[in-house]
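Examination of the molecular architecture
These are the residues of each chain, in order.
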Amino acid sequence: PIDIGKGDQFTPAFLKISPNNKIPAITDPNGPDGKPIHLFESGAILLYLAAKTGRFLPSSTRAKYEVLQWLMFQMGGFGPMIGQAHHFLKYNKGKSEYSEQRYHAETLRLYGVLDRHLATSPYIIRTLSIADFATWPWASRFEYHQVDLNDFPNVKRWYLELAARPAFARGYAQPKDA
């Protein structure tokens, strides 16, 4: 565990794992060549774990690239833009009206994209995948970015279904003080 409130992310030991001093980061002592491997960045970690376990990333070329496009949607838009909404709407409210409006509008637009897509699929693709794992934690903080999930019924259905899964509940409970 890394306590970012105490600055653990700046220790030399952690910087060897995550040179960008950000979480998440992992060390797999049983890396692909029998040696430990350190990985940082959510997308890289998810791709690695999917490849290592053979789960949550389809093997068919079409389905794999469907997952990858939605993973990139999260990494390039949904996560960063909603992260900015968190910053301005929850943690720094009242400091920049322009920023609050801009990131809230973009957040609503991105929820709309996801909602329209989820109208056609039970998960981000037809089966649970790393794209769901990457996107769900951002959507789970909908109250931080002033989103009413009732306005996005397909996102709400997806969110609640995944929230009810025991593994999601265990993951969401980390860190313990969250």
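A brief look at the structure comes next.

Quick notes on the rules
Residues numbered from 1 in each chain as written. Predicted model: local features only at pLDDT ≥ 70, side-chain atom pairs only at ≥ 80, totals over all residues. Heavy atoms only, no water. 1 Å grid on protein atoms, 1.4 Å probe; cavity = no way out; pocket = protein on both sides within 12 Å on 5 of 7 lines; lining within 4 Å. Points joined across faces, edges and corners; volume = space filled by probe spheres on them. Helix = DSSP H or I, 4+ residues; strand = E, 2+ residues; numbered from the N terminus. Nonpolar A, V, L, I, M, F, W, Y, C, P; charged D, E, K, R; others polar. Buried < 20%, exposed > 50% of the residue type's maximum accessible area, 1.4 Å probe, protein only. Contact = heavy atoms within 4.5 Å. Polar contact = N/O pair within 3.5 Å; in protein donor to acceptor, adjacent residues only side chain to side chain.

On to the layout of surface pockets. Of the volumes computed, that of the largest pocket is approximately 2,400 Å³. Along the wall of the largest pocket there are 49 residues; nearest its centre are I23, P24, S42, P137 and Q174. At the level of elements, helix 1 (12–17), strand 1 (25–28), helix 2 (42–53), helix 3 (61–91), helix 5 (130–139) and helix 7 (166–172) are the ones that each hand at least two residues to the lining of the largest pocket. With 6 residues, helix 3 is the single largest residue contributor to the lining of the largest pocket. Counted by class, the lining of the largest pocket contains 29 nonpolar, 13 polar and 7 charged residues.

With respect to the helices and strands, S140 occurs in the loop between helix 5 and helix 6 (153–163). We classify S140 as buried; its relative accessible area is 2%. Between the C-alpha atoms of S140 and F78, which are 62 residues apart in sequence, the distance is 12 Å. Apart from the residues lying within four places of it in its own chain, the contact partners of S140 are Y159 and Y172. Side-chain polar atoms of S140 contact the backbone oxygen of P137, separated by 2.6 Å.

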